[in-house]
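# Structural features, examined
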Amino acid sequence: MLNDKDMDAVFQALAHESRRRMLDIVKQEPGIGVGALAGEFDVSRIAVMKHLAVLEDANLIVSEKDGRMRKLYFNAAPIQMIHERWTTEYSAYWAGQMTRLKYLAEARHESETKDKKRGR
């Protein structure tokens, strides 16, 4: 279980939009290099490195040296531990069902919006 200091680090890391986007990219592309990740942002490589340091301190990113390249991997364990702290098996099931319903409604709305724009 995460202690309060570890949880604070996770919440702080997730509080910034750029860091959440970095996690999304690393999750989608496991093993992406720091340079390739930095290329996705309109900030300096130094700024990206500072954000990565916050994510690594929160244990949300794990890096591995491969020669001169540093490969990045997403670690979902801290988020899962926070989730487990405040959910029960019963509430997790219903939260999952509500999330599924939300995504279905959003997808339907998006589809209907596109159809209206096309004149259907």
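A few words now on the pairing of strand S2 (residues 61-66). Direction of pairing for S2 relative to strand S3 (residues 69-74): antiparallel, over a ladder of 6 bridges. Pairing of lysine 65 across the sheet is with arginine 70, part of S3. In sequence, S2 turns back onto S3 through a hairpin of 2 residues, with glycine 67 there showing a positive phi of about 65 degrees.

Within the chain, asparagine 59 stands out as a residue other than glycine whose phi angle is a positive 65 degrees. Along the chain, asparagine 59 falls in the loop between helix H4 (45-57) and S2.

A few words on the sheet that holds strand S1 (residues 32-33). Strand order in this open sheet of 3 strands is S1-S3-S2, and the pairing throughout is antiparallel. Since the sheet does not close on itself, it has two edges, and those belong to S1 and S2, each with one partner.

What follows is about the pattern of salt bridges. Within the structure shown, the criterion is met by 6 salt bridges. Linking arginine 85 and aspartate 4 is a salt bridge whose minimum nitrogen-to-oxygen distance equals 3.6 Å. Within this pair, whereas arginine 85 is found in helix H5 (residues 77-86), its partner aspartate 4 is found in helix H1 (residues 4-14), the two being separated by 81 residues in sequence. The class of aspartate 4 is exposed, set by a relative accessible area of 52%. For the salt bridge of glutamate 56 with arginine 70, the shortest nitrogen-to-oxygen distance reads 2.2 Å. Linking glutamate 56 in helix H4 with arginine 70 in strand S3, this pair joins segments that are 14 residues apart in sequence. Given a relative accessible area of 26%, glutamate 56 falls into the partly exposed group. With relative accessibility at 21%, the residue arginine 70 sits in the partly exposed group.

Thresholds, definitions, all that
Residues numbered from 1 in each chain as written. Predicted model: local features only at pLDDT ≥ 70, side-chain atom pairs only at ≥ 80, totals over all residues. Heavy atoms only, no water. Pairing = 2+ DSSP bridges. Helix = DSSP H or I, 4+ residues; strand = E, 2+ residues; numbered from the N terminus. Salt bridge = Lys/Arg side-chain N within 4 Å of Asp/Glu carboxyl O. Buried < 20%, exposed > 50% of the residue type's maximum accessible area, 1.4 Å probe, protein only.

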